[in-house]
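# A look at the structure
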Amino acid sequence: MTDTSFVPQLDARQRAMLAEMGVRVWAPKPPPAVTAEPPAVAPPVAAAPATPPPSAPAAAPIAAPAASRAPATPAARPVPAPAAAPSAAATAAAPLGLRPVGIDTMDWPALQAAVAGCEACSLCRSRKNTVFGVGDTQADWMVIGEAPGENEDLQGEPFVGAAGQLLDNMLRAVGRSRSGSGEQGAYIANVLKCRPPANRNPQPQEVAQCEPYLARQVALVQPKVIIAMGRFAVQSLLQTSEPIGRLRGQVHRYQGVPVIVTYHPAYLLRTPGDKGKAWADLCLAMETVAAE
Ligand code: URA
């Protein structure tokens, strides 16, 4: 029988329904009591602490029935930067947790809270912030990069460093921006939501743990086209080890959404001679949206 007794937000009927459906509910277990005596004044139901304990996510429970049954209504745009995660020092010795269940039915607030509290891989120990995504959640363009770098980790927003400035210029060239909406907008996210230390390459198990979050973002945005930027984004979306040069110029698919493969802006900063190819890729993306 499913044990939901540690989830204070559920009433008896919800507990019974979840148990009946065999649905597992993820929520942080309360920390063990340190004193035998209860506090003199105890709140009726513990509110989420302003600063979560090291092993707790920012919001709980993630997969309460209301959230899992709610229609996938995107939140108002753009989605703000997530709350800061527990400090690296506080989490250095903590064991890794499980990824929340029910990601594929979460709405925007639940998904963002799940990412902010995620401890499914060791990147949670060194991150300063999770980097969820930015832009219009109903845009018809979605840009997917690799992973946050130092600036993104500090600010909790994707593509805010030098590569991000180039990305903004590329988007402007096609009449879009991260602050625009609809046909002038773009939603920007990464495969990994946490910065790999010293910007090392993402590891396969990190990509595997993070992929469901991105999959849900794509399902909620329902873009008309995805621009996959750089080797890691491309290879993890398309499940291939083919190099970018071999994948460009074709329309691929992820969750049924057309995917255009192009170079990462950081690569283009190092190799400006390939900017013309990236422009051709953006033109293919525009043609693809027009044809959808
Ligand atoms: N590179 C990426 O792929 N994503 C970012 O957010 C920043 C740099």
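Worth saying up front: this structure is predicted, and the values here are computed from it rather than measured.

## Section: the overall build of the protein
When you go through the protein residue by residue, the secondary structure sums to eleven helices and six strands. Across the 292 residues that make up the protein, the buried fraction comes to 48%. For the protein, long-range pairs separated by at least 24 residues make up 73% of all intrachain contacts whose partners lie at least 6 apart in sequence. Accessible surface for the protein amounts to roughly 14100 Å². Of this, 56% is attributable to carbon and sulfur atoms.

## A look at the site of the ligand
In the region of the ligand, the neighbouring residues are Gly-145, Glu-146, Ala-147, Glu-152, Pro-158, Phe-159, Asn-190 and His-264. One of the backbone nitrogen or oxygen atoms of Ala-147 is found 3.1 Å away from a nitrogen atom of the ligand. Here an oxygen atom of the ligand and a side-chain polar atom of His-264 are 2.7 Å apart. Out of a free accessible area of 240 Å², the ligand has 91% covered by protein chains. Cavity membership is defined here by more than half of the atoms lying within 2 Å of grid points; on that basis the ligand lies in the second largest pocket.

## With respect to empty space enclosed by the protein
The full count for this structure, using the stated rule, is one cavity of 30 Å³ or more. One number sums up the size of the largest cavity: a volume of about 120 Å³. Lining the largest cavity we find 14 residues, and of these Cys-118, Cys-121, Cys-194, Cys-210 and Tyr-213 sit closest to its centre. In terms of residue count, helix α7 (residues 204-221) provides more of the lining of the largest cavity than any other element does, four residues in total. Tallied by class, the residues present in the lining of the largest cavity amount to ten nonpolar, one polar and three charged.

## Structural notes on unusual backbone geometry
The phi angle at Phe-159 is positive, at roughly 50°, despite the residue not being glycine. Residue placement: Phe-159 occurs in the loop between α5 (150-155) and α6 (162-173). Exposure remark for Phe-159: the relative accessible area of 6% places this residue in the buried category. One non-glycine residue, Gln-239, lies in the positive phi region at around 50°. With respect to the helices, strands and loops of the structure, Gln-239 is situated in the loop between α8 (231-238) and α9 (244-247). Judged by relative accessible area, Gln-239 falls into the exposed class, the value being 68%.

## Things to note about the packing of aromatic side chains
Counted under the stated rule, the structure contains three aromatic pairs. Ring centres of Trp-108 and Tyr-187 lie 5.5 Å apart, and the angle between their planes is 50°; this geometry places the pair in the tilted category. With Trp-108 in helix α4 (residues 108-116) and Tyr-187 in strand β3 (residues 187-190), this residue pair connects regions lying 79 residues apart in the sequence. We note that Trp-108, like Tyr-187, is buried. Joined through ring pairs, the aromatic side chains of Trp-108, Phe-132 and Tyr-187 make up one cluster.

Procedures and definitions
Residues numbered from 1 in each chain as written. Predicted model: local features only at pLDDT ≥ 70, side-chain atom pairs only at ≥ 80, totals over all residues. Heavy atoms only, no water. Helix = DSSP H or I, 4+ residues; strand = E, 2+ residues; numbered from the N terminus. Buried < 20%, exposed > 50% of the residue type's maximum accessible area, 1.4 Å probe, protein only. Contact = heavy atoms within 4.5 Å. Areas by Shrake-Rupley, 256 points an atom, 1.4 Å probe, with all protein chains shown as cover. Near = heavy atom within 4 Å. Polar contact = N/O pair within 3.5 Å; in protein donor to acceptor, adjacent residues only side chain to side chain. 1 Å grid on protein atoms, 1.4 Å probe; cavity = no way out; pocket = protein on both sides within 12 Å on 5 of 7 lines; lining within 4 Å. Sits in = over half its atoms within 2 Å of the grid points. Points joined across faces, edges and corners; volume = space filled by probe spheres on them. Nonpolar A, V, L, I, M, F, W, Y, C, P; charged D, E, K, R; others polar. Phe/Tyr/Trp six-rings, centres within 6.5 Å; stacked < 30°, edge-to-face > 60°.

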